[in-house]
Structure formats: C-alpha cells, structure tokens
Amino acid sequence: MASIDIKNVRKDFGPVSVLKGVDLAIASGEFAVLVGPSGCGKSTLLRLIAGLEDASSGEIHIGGRRVDDLPPRDRDIAMVFQSYALYPHMNVRDNMGYSLRLKRTPQARIAEIVGRAGAKLGLEALGERKPRELSGGQRQRVAMGRAIVRNPKAFLFDEPLSNLDARMREQMRFEIRKLHRDLGATSVYVTHDQIEAMTMADRIVAMNAGIIQQVGTPLELYDDPANVFVAGFIGSPAMNFLSGEARRGETGVALSVGGKAFCTLSQAVAVPEDGRVTIGIRPERIRIGVGAGQVVEAAADLVETTGAASVVHVDLAGQAMKIFTTERLQLTQGQRIPLAIDAKDVCLFDPAGGGRLR
Amino acid sequence: MFEPYLYSAPALLLVAATTLVPIVIGISYAFRNIMLLDPTSGGFVGLDNFRELLRDASFWNALKNTVVWTASCVGFQFLFGLILALMLNRPFPGRALIQATIFLPWAIPTFLVGMNWSWLLNPAIGPLPHWAYALGLMNAPDNILSDPDYALWGPIFAGIWWGTPFFAITLLAALQSIPREIYEAAEIDGAGGLERFRSITLPFLAPTMVITVLLRTIWVANSPELIVVMTKGGPADASQIVASYVFTQAYQGLNFGYASAVATALVLLLLIYAFLLIAIRQAMLGRR
C-alpha cells in the first residue's frame, strides 16, 4: 500500500501533446478512477504510472519514492489490461504464479499464494485450464489473480471490463470493489464509462484533452460540476444544457430561455456582461406538473421507457430537453406540459469557456 | 447409390488428370530401360534400375550430400532469418528501407543467384577467395567450387543467402501478431528481455517455426538449381545431391529410366519424412 503522487507530468508524442501538465495525488488505499472520453489521456497517464511509457517531463512518486526512471518491474505495481494479456501457453496456475517464479520464490510458497488468490476469486477448479478454455469473466478473474499474488503497492486497471457483456460487467464491478475493500490496496482504474466511475470510485478524476477537469467524490462531481464537460460527462441521461439569458433583478438573478421566464436564482452569481449563459439542469430534477418552484411550459415530443423509469423528450422554446421520471405517462406529441424547476438544481456555465458561473 | 460419386466425379477426374497421371507415368519409367540415344531401348526391366541404384556409390554419396545440403541450408537460413526478424521487429529509423533490402534476395531467380555466386567465388573475377585468403581462412585464393572437399559449400552459401529472407518474412509476420500487451504484462511481472524471449516469443513462434522448417526442408532437398548452375554436381560428383543426380542422369547420361528410379527413391524418402513430421505434429497437437 502506498500513495501515488504525480507532479506536473507532461507527455508529448511528437507534436501531439497527450498530457498537458497533470498534477494528482492519490492517497494510500484509495480507489481512484480516471474517467474521460477516448483520447483524453487517461490510459497514457496510467501507462506512465506503470512505466510502460516515459513522461516527457514531470515526476511520478509511488510510496514516496520517485519512480519515473525505474523500469516497470522495479515499481512494485500490478496491472490488469483490457485484453487481460494472459500468457496463452500457460495454464491458469502458471499465469498467476509467473511473477513469483521470476522472483525465485520456492515452489511450495508459490502454490500456497496462488491457491489463496484462486480461492478468493473462485478459480480453484480451473487451475489446469489454458486461457482459451475460459470464459471472458474467468479470464478477467485470472488477470486479477495475477495482480493479487504479487501483493503490489498499487493496482492499475486499464478498462478491465470493456470486453465483458453488460451483466458480467455489473458483477465484476461489484467484485472488484469488494476485493478492494478486502485488500485495501491503492488502486487506479481507467474507464470511459461514467457509470463504472460513479459506482466504483472513492474519488473520480475527470479528464478531457490531456487536462484534469475535476477531482472529487462521485457525488461532488455529480452535484457540483466544475465545468460543462464534467456536467455533461457524468450522469446518464446527461444533464440538459439550454442557452439562455440571465438578468440581475431585485429578488436575484432571473433566467429566461427563448424570452420566457425559466427560474430565478436567489444566490449571487457572477453573470457575464452580455447576460448570455448556459443553463444546466439534470433530467431527474425537473418535475412534471405544477409545484412549489417556477413553472415553465414545454411541448412533449417522445417518451422512452425502460419499465422502471421513463425519459420524456420535450421541446422548450425550440431547445431539446430530457426529463427523467419514474411516473408512467401517456403523452401525445405536441402536448403542452407544465414543468416545475427548483432554482437550487440549476447550474450556470459560461457559454464561451464552459466554466461554471458561481 | 452411385449418386454421391457422380457429384465428386468432376473434381476426382481433374485431380487424376492433372496430378495422378503424370506421377504414374513418371514412376512407370523407373521400371523401363529408356536410353534417349538408343532406339531399341524402352522395354520393361522390372526392378533392374532399383537393383543398380542400391549398388550405385554415386547415389549413396548424393544421399549423404542431400542431408548435409538440406540441414546446412535450412539450419542457417532459419538462424539468420530469426535474427533478422527479431531485429526488424523493433522500430528504428530507416527500418522500411532496410526491410525492403533484406527481402530482395528472395525476389532474384535462383538461376541468377547461382551465376552470381559462382562468379563471387571465382578468384579470377570475384573478391571472396581473396578476402578469405587475406583473413587467413584459406591457404591460397582458390575456387572452392573446384575443390572436392568444399565444392558443396559454394551452393550452400548461395542457398543460405537466397533463402534467409523467407524465414525473416514469415517469422517477422508471426512476431508482429504477438499482442504487445502480453510483453507489457510480462515486463510488469518482472521478466527481463531474455526471459520475455524465452517465455513469450518462443512459444508464440513455435508453430510457425515448425511449419516453415518442415516446408523448407522438403523444398530445399528437392531443389537442384543452385548446384546444377554452380558445380553441375562436380567435381567428380563431389557436390551431387539426389535431386541434381536425377538431372545429371537424365540430361547428361540421357538415361531416363535410371533417372526416374532415382527420382522415385527421393520421393519415397521425402514421403517418409513428411509422414513422420505429420505424426509428430499430431502427437504435439494431441498433447496440448
């Protein structure tokens, strides 16, 4: 167990800057999830921590020791790859024991450690099998087992669940979390899937275009996003963004969309001079019907239902918006529906830079 | 009940006409006495040609040379091809150019390769004997092609030069199919360069290695071109292999019957070799 400190790390591939100065501190025992769209630099950052790539500049420390000049095997980390990267010609037991064999651990000790890891992962019966004789979920477990037996300072996961079907993914998500709870090892987990990030992370590191956008607990990112990117990336269905105007009045800041009143914020907000803002509101925070807050009228477009809940697509002054509701609704296209908006659920962003207006 | 045979008949007829008929006719020559310059020849002589074969010291010498020729050619081609493939598998500036250059010999007709090497080895025009002499490898800058003890090595050098790219190409293709993540996983697991080669590269390459070595062995054992062009099997049959002996018997001795008997013996030997290898392969596959 160890902390990981990343100080002003840059990575350039020729003229392309993949990481543009990253600072990040991951506490000992923490489960940190790097999340972002493909090409945002999250996998590169993980590979830098592992030592599979060299940073162009900056420092990486694991457990207080500077490691950026050390080869991967001296960094005392274990990694689980997206493709699992199991050794196809070795059986499950040899796959898991390979690192111990390289360290010249006695046979009996290897068997003991591998057996314990296998029992933890439910692989006891599969010891003699070759990777190609295993299902995707079993391969995933072997890859985890290979990481566990090394008892490393930190676990690195590179999109480990992307090759599994949805049901298996859900189960492995849960198992990885439980494993982390049992082992308490520092973990860095890369994913493009915000649901994995939300459900698994102690802390989420949201990245875009080689820059860390926000670091925080899942609910911090969800409730209090730092910018339009984080607000739009975290949460499904995604946050609604409406372009509107803000005008400072006597009771607060009055927001309007397409000339119609939307809601009034009582707290002070720094509004741009021209009054143009991006209004963000999460689909599940909009209530259909007349309530305590401001009421705006929208036209129903389409209802998608999953059984447990429905997403209602509506048109508000020419802008599309989604509403997430657990009520079962029968709506016809074009039907006018009243929406109740609570001012405390509204986030304002600068339409030019995308930053949060507070 | 004949219907299934009717469906497969066109394919069978085609195979028979194009493959089996020539083989059967060729083998039938081995049991006849066919001398091109003797109009009275051509009669059936039973196993006479084969009896003569067993007593023919030149044949046994050629058989011994075939083993030396094939093992040396294939062995060195494989070794150099593997080294080249490993070197070309890592990126470096100018790799594409060097790759193209290295694969060039494979594109040259064997006939030209033979001519080129016999000139290189000829002290009157080629530099190689003088270099070897200057390095102390030879007592005098002689032509090894005219030395009965070393004549076979001339075609072997040419064969190694010509055939190495084949192994380099196929092994490089196999190397490039190894997922990079497996090497990375091994690197993190603590494997050094040599250990990664031993525990990942070799097991991945093994099937390709087995197949290419098998194919090349039969191919090289059957190819007399370099020897015919460079030494004509000489001096005094010193560099004769079975395949070139067939050629010599047919077109210099004009004894087609005997040449066919030698060829039939070669086919039999290669068939035995092929069956052995297939059996070994089956056994290996069964064990996996």
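In this text the structure is predicted, and so the values were computed from the model without any measurement. (Residues numbered from 1 in each chain as written. Chains lettered and ligands numbered in written order. Predicted model: local features only at pLDDT ≥ 70, side-chain atom pairs only at ≥ 80, totals over all residues. Heavy atoms only, no water.)

Draft legend 1. Quick look at the overall build of chain A. A count of helices and strands for chain A gives eight helices and 21 strands. Projected onto its principal axes, the C-alpha coordinates of chain A cover approximately 75 × 45 × 35 Å. A buried classification covers 50% of the 358 residues belonging to chain A. By sequence separation, contacts in chain A at least 24 residues apart represent 65% of the contacts at least 6 residues apart. Just so you have it, chain A exposes about 16200 Å², and 48% of that area is on carbon and sulfur atoms. (Helix = DSSP H or I, 4+ residues; strand = E, 2+ residues; numbered from the N terminus. Buried < 20%, exposed > 50% of the residue type's maximum accessible area, 1.4 Å probe, protein only. Contact = heavy atoms within 4.5 Å. Areas by Shrake-Rupley, 256 points an atom, 1.4 Å probe, with all protein chains shown as cover.)

Draft legend 2. Local environment of the overall build of chain B. Counting its regular elements, chain B contains twelve helices and zero strands. The N-to-C order of helical and strand elements in chain B reads α-α-α-α-α-α-α-α-α-α-α-α. Taking the principal axes of its C-alpha atoms as reference, chain B extends roughly 75 × 75 × 30 Å. Considering chain B as a whole, with its 288 residues, one finds that 40% of them fall into the buried category. Partitioning the intrachain contacts of chain B with sequence separation of at least 6 by distance along the chain shows that 64% fall at a separation of at least 24. As displayed, chain B offers around 16200 Å² of accessible surface, 72% of which is attributable to carbon and sulfur atoms. Taking the 14 positively charged and 15 negatively charged side chains of chain B as two groups, their mean positions are separated by 6 Å. (Lys, Arg positive; Asp, Glu negative; His and termini not counted. Charge placed at Lys NZ, Arg CZ, Asp CG, Glu CD.)

Draft legend 3. Local environment of the sheet that holds strand 8 (residues 186–191) of chain A. Residue and element names in this part refer to chain A. Strands sit in the order 6-7-8-3-9-10 across an open sheet of six strands; the sheet is mixed. Either end of the sheet is taken by a strand with one partner, and the two such strands are strand 6 (77–80) and strand 10 (211–216). Within the sheet, the average angular offset between the axes of one strand and its neighbour, ignoring direction, is 20 degrees. As paired elements, strand 3 (residues 31–35) and strand 9 (residues 203–208) share four bridges and run parallel to each other. (Pairing = 2+ DSSP bridges. Axes fitted to C-alpha atoms, helices over the stretch in contact; angles between N-to-C directions.)

Draft legend 4. Focus on the sheet that holds strand 21 (residues 356–357) of chain A. All names here are of chain A. The sheet built from six strands is open, its strands ordered 13-12-11-14-20-21 with antiparallel pairing. Looking at strand neighbours, the two that pair on one side only are strand 13 (260–265) and strand 21, the edges of this open sheet. Inspection of the sheet shows strand 20 (residues 347–349) paired to strand 21 by two bridges, in the antiparallel sense. Note that in strand 21 the partner of Leu348 across the bridge is Leu357.

Draft legend 5. Representation of the interface of chain B and chain A. At the junction of the two partners, chain B supplies 18 residues and chain A supplies 23 residues. Considering only the surface of chain B that becomes buried against chain A, Glu181(B), Ile188(B) and Asp189(B) emerge as the three largest contributors, covering 40% of it. Between Arg47(A) and Glu184(B) there is a salt bridge whose closest N-O contact spans 2.6 Å. Linking chain B with chain A are nine residue pairs in polar contact (both at pLDDT 80 or more), by the criterion used here. If you list the elements that add at least two residues to the side of chain B that touches chain A, you get helix 8 (180–189) and helix 9 (193–221) of chain B. Broken down by element, the side of chain B that touches chain A gets its largest block of residues, nine residues, from helix 8 of chain B. (Buried area = accessible area lost by both parts, 1.4 Å probe. Salt bridge = Lys/Arg side-chain N within 4 Å of Asp/Glu carboxyl O. Polar contact = N/O pair within 3.5 Å; in protein donor to acceptor, adjacent residues only side chain to side chain.)

Draft legend 6. Inspection of the pattern of salt bridges at higher detail. All names here are of chain A. In this structure the tally under the stated criterion is 21 salt bridges over all chains. Linking Glu159 and Lys42 is a salt bridge whose minimum nitrogen-to-oxygen distance equals 3.7 Å. Remark: Lys42 occurs in helix 1 (residues 42–50) and Glu159 occurs in the loop between strand 7 (154–158) and helix 5 (166–183); sequence separation between them is 117 residues. The pair Glu159 / Lys42 is uniform in exposure class, with both members buried. Overlapping salt bridges bring together Asp223, Arg285, Asp342, Lys344 and Asp345 as one network.

Draft legend 7. Structural detail: helix 2 (residues 48–55) of chain B. Residue and element names in this part refer to chain B. Of the positions making up helix 2, those classed as buried are Asn49, Phe50 and Leu53. Around the axis of helix 2, the buried residues are gathered within 95 degrees of arc, so they sit on the same side. Along helix 2, exposed side chains directed more than 90 degrees from the buried face belong to Leu54 and Arg55. (Arc of directions from axis to C-beta.)

Draft legend 8. Looking closely at the pairing of strand 1 (residues 4–13) of chain A. Residues and elements named next belong to chain A. In this sheet, strand 2 (residues 16–26) lies alongside strand 1 in antiparallel orientation, the contact comprising eight bridges. Bridging across to strand 2, Asp5 finds its partner in Ala25. Connecting strand 1 to the next strand, strand 2, in antiparallel fashion are two residues, including Gly14 with a positive phi near 60 degrees.

Draft legend 9. Here's a closer look at the state of the cysteines. Residue and element names in this part refer to chain A. The final tally for this structure, using the stated rule, is zero disulfides over all chains. Among the cysteines around Cys347, which has no disulfide bond, Cys263 carries the closest sulfur, lying 11 Å off. In this structure Cys347 comes out as buried when scored by relative accessible area, which is 5%. (Disulfide = S-S within 2.5 Å.)

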